[in-house]
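Residue-level structure breakdown
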Amino acid sequence: MKQALREAEKAYEQDEVPVGAVVVHKGKVIGRGYNQIERLQDPTAHAEMIAITAATNHLQSRRLEECTLYVTLEPCPMCAGAIVLSRIPTLVFATFDPKAGACGTLYNIVHDKRLNHSVHVISGVCDRESEEYLKGFFGRVRKIVP
């Protein structure tokens, strides 16, 4: 999770919502990403999507069956769907997202029995550090935009 937090810091430094993600396979980081929505002008450029794409490229497979995804904020519906589709067995996230969380807060896509894959979820890992980045970012944004 510390590496995911470092990715979130990169997003923060680029005035992006500070979310970072890493995909780990057999103890090695094979994919990393941070939010780049504004920089790329791409609504799909979430940290998880970038990390998952990097990991699938690394393994040359769309299936990440032996991987763990670490992310600093509970994934949204789009990212939760990508986690299920890529067959990631374990998701570890820092803090819950009351506005868009799809792994237990607003929805629970990763545990939906109607889908063909279920994900083991661990939450609350380094949640204070993640919340500090998010609060700092949104506090700064609110000062700029009335």
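For the structure, see preceding data.
Below: a short report on this structure. Since the structure is predicted, the reported quantities are computational estimates derived from the model, not experimental observations. (Residues numbered from 1 in each chain as written. Predicted model: local features only at pLDDT ≥ 70, side-chain atom pairs only at ≥ 80, totals over all residues. Heavy atoms only, no water.)

**Comments concerning unusual backbone geometry**
A negative phi angle is the norm for most residues apart from glycine, just as the trans form is the norm for most peptide bonds. Put simply, the rule is: Helix and strand definitions follow DSSP, with helices as H or I runs of at least four residues and strands as E runs of at least two, each counted in order from the N terminus. Classification of residues uses two cut-offs on accessible area relative to the type maximum, computed with a 1.4 Å probe and protein chains only: under 20% is buried, over 50% is exposed, and between them is partly exposed.
Of note, glutamine 60 is a non-glycine position whose phi angle comes to about 55 degrees, a positive value. In this structure, glutamine 60 sits in the loop between α3 (47-59) and β3 (67-73). In this structure glutamine 60 comes out as exposed when scored by relative accessible area, which is 74%. Residue arginine 87 is not a glycine yet carries a positive backbone phi of 65 degrees.

**Examining the sheet that holds strand β1 (residues 20-25)**
The cut-off we apply is this: Here the rule is simple: two strands pair whenever DSSP picks up at least two bridges between them. Lines are fitted to the C-alpha atoms to define the axes, a helix being fitted only along its stretch in contact, and any angle between axes, read from their N-to-C directions, falls within 0 to 180 degrees.
Across the sheet, five strands lie side by side as β2-β1-β3-β4-β5; this open sheet has mixed pairing. The sheet is open, and its two edges are formed by β2 (28-34) and β5 (120-123), each paired on a single side. With direction set aside, neighbouring strand axes in the sheet form an average angle of 15 degrees. Note that strand β4 (residues 90-95) and β5 share four bridges and pair parallel.

**Observations concerning the state of the cysteines**
Cysteine pairs can be linked by a disulfide, which is a covalent bond between their two sulfur atoms. We count it as follows: Any two cysteine sulfur atoms within 2.5 Å of one another count as a disulfide.
Inspection of the entire model under this criterion finds zero disulfides. This cysteine, cysteine 79, is not joined by any disulfide, and cysteine 76 carries the nearest cysteine sulfur, 3.8 Å off. Residue classification places cysteine 79 among the buried positions, given a relative accessible area of 0%. Cysteine cysteine 126 shares no disulfide, and the gap to the nearest cysteine sulfur, in cysteine 103, comes to 18 Å. Relative accessible area serves as the criterion here: at 18%, cysteine 126 is assigned to the buried category.

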